[in-house]
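Descriptive structure summary
Each chain is listed here by its residues.
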Amino acid sequence: MLAEIPGIKHEPLEDGRLLINIGPQHPSTHGVLQVLVELEGEVILSAQPELGYLHRCFEKIAEKWTYPQIVPLTDRLDYISAIFNEWAYCRAVESLLEIEVPERAEYLRVIMAELNRITSHLIGVGTFGLDLGATTPFTWALRVREEFLNLFELVTGARQMNHYLRIGGVKQDLPEEFPALVEKVFVLLDEFLEDYQTLLLDNPIFLVRTKSIGVLDPQVALAYGATGPFLRASGVPLDLRVSEPYSVYDRFSFQVPTASNGDCYDRTKVRLEEMRESASIVRQALKQLPDGEIRAKTPKVLKVPAGEVYTAVESARGEMGVYLVSDGGTSPYRLKWRSPSFVNLSTLPVLVKGAKLADFIAILGSIDIILGEVDR
Amino acid sequence: MALIPPAKKIILPEEAVTDPKIPLAQLPLPDGVNLNIKRLVQWGRKSSIWYLSFGIACCAIEGLMSAGGPRFDLDRLGMFFRATPRQADLMIVAGNVNLKMADVVRTLYDQMPEPKYVLAMGSCACSGGPFRGSYNMIDGVDQVIPVDVYVPGCPPRPEAVIDGILRLQEKIMAQAEQED
């Protein structure tokens, strides 16, 4: 593989340095990421991520599909938290069309998005345990996630690729028994969070492998444009839901969990805290849920007025942004994604420089990347 | 007088005991038992399919994580994931293969020991899916490696993957009947 990559010399390095190749088939790269790591003994001198193994021509395809057709395609970007992609895209189209989304639809969007944040973080913290060699937390996380996926199936009809949002609203209303079912699942979630605390966060082996490992300086993080729990673990309380409240987020009271050290441990802890906050937001939204329409009236053939717009939502990984240019036709002139995983991944060379090779996987796992969104 | 325990009865898998009309291989076994060694081998193969943990895209979450997780539990089919192709029997191609990835998939397939099987999971691996015809895509992984079972869907449910694996097991057993 190494010889086929242009620009990489396939020769023995001088001074006893070693160039090794992690991925694209590696159990802990969270997809098909390849990283070229230069080692001196056990210490990493440099690391270079090699992208493109999952490039699916998303932005080019979007230029020939119609606006409503693109909504299910966005699910395939960040495939663990699909609702956020749909939301970012629908917001962009709605703001160009100047459609007023009904209040009830906004609440339904918030409910499903926050549930999706929980399932996404469950995968994130579960696979992080797996990366460090602990299989149990992974299976426990998946057990709880399946219960959440039942809820998604009930409301949206799909487990993972939901296609729940429509331009101007949502697909369908909540079933009557939904609030009671959510409460049942939240009990399981609380149990999981307590178990995870005792199983991993208080575990001496876990502490040694994550504390002070992969420390991200807040200045560096901001300079690279990192967002999401990855940034908040470094002590920067930046959250689009609070700093630029979109939808109906200004009607809920919730905390933005932060930590101070910015190491792998803090990132995991912030994700666990965020799950609790998301559960609290869902409870508040279900309590306040107003009656009314769930979908605004849109023309059958959607022609978006010419113009350009940038909208973003706070996804499970950070700022999920859409830059949409319309020339007045039925499909976008240009659809550019600002994907949080890609930006967060760009800090990897800084994070792993000087670290041990054994810590590389822990650091990569703590960034919680999704390759579908990195490569698009 | 010490009780002598009765001799242990040899329990053979149902499929392995064949019709004596078609004995393919005879072993020194008790009278009346004919063992089709070929079937026994295939029965062993189908009952312990170790798959390569190689998730490419979205389907990996459903096909490898959820299906291998506690609810769907591929372990009960004797399936366990291996991180290296050298120890794997089955490659679940869970996702779309683009031009850059094709070489890697081919290399991994070549590294797997015989006999090896491929399950194309999801519309992308079967035929290109929603990304069919794009400038960077291979429309179906069968253009790169031979595929045994196709499981369509975007993404297929874990039940569909398990169904595909059961069909693969049927295929493996059917290979015992083939002439060499």
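Worth saying up front: this structure is predicted, and the values here are computed from it rather than measured.

**So, the sheet that holds strand β6 (residues 307-314) of chain A**
Residue and element names in this part refer to chain A. Read across the sheet, three strands follow the order β6-β7-β8 without closing on themselves; strand pairing throughout is antiparallel. Strands with a single pairing partner mark the edges of an open sheet, and in this sheet they are β6 and β8 (334-338). Across the sheet, the mean angle from the axis of one strand to that of its neighbour is 15°, orientation sign disregarded. With five bridges connecting them, strand β7 (residues 319-326) and β8 associate as antiparallel partners. By the bridge assignment for β8, Val322 is matched with Trp337.

**Quick word on the packing of helix α6 (residues 178-201) of chain A against helix α11 (residues 264-288) of chain A**
Residues and elements named next belong to chain A. The contact between α6 and α11 brings their axes to 11 Å, and the two run at 165°. One way to sum up the angle between α6 and α11 is to call them roughly antiparallel. Pair α6 / α11 crosses with left-handed handedness. Along its contact with α6, which presents Phe178, Pro179, Val182, Glu183, Phe186, Leu189, Asp190, Leu193, Tyr196 and Leu201, the element α11 presents Tyr265, Thr268, Lys269, Leu272, Met275, Arg276, Ala279, Val282, Arg283 and Leu286. Its residues assigned to classes, the contact of α6 with α11 shows 14 nonpolar, one polar and five charged.

**Regarding the pattern of salt bridges**
Residues and elements named next belong to chain A. Under the defined criterion, the tally for this structure stands at 30 salt bridges over all chains. For Arg283, the salt bridge goes to Glu183, with nearest N and O atoms at 3.0 Å. Within this pair, whereas Arg283 is found in helix α11, its partner Glu183 is found in helix α6, the two being separated by 100 residues in sequence. Judged by relative accessible area, which is 34%, Arg283 ranks as partly exposed. You can call Glu183 partly exposed: its relative accessible area is 35%.

Here is what the cut-offs are and how they apply
Residues numbered from 1 in each chain as written. Chains lettered and ligands numbered in written order. Predicted model: local features only at pLDDT ≥ 70, side-chain atom pairs only at ≥ 80, totals over all residues. Heavy atoms only, no water. Pairing = 2+ DSSP bridges. Helix = DSSP H or I, 4+ residues; strand = E, 2+ residues; numbered from the N terminus. Axes fitted to C-alpha atoms, helices over the stretch in contact; angles between N-to-C directions. Parallel < 35°, antiparallel > 145°, perpendicular 65-115°, else oblique. Left-handed = near helix turned anticlockwise from the far one by under 90°. Contact = heavy atoms within 4.5 Å. Nonpolar A, V, L, I, M, F, W, Y, C, P; charged D, E, K, R; others polar. Salt bridge = Lys/Arg side-chain N within 4 Å of Asp/Glu carboxyl O. Buried < 20%, exposed > 50% of the residue type's maximum accessible area, 1.4 Å probe, protein only.

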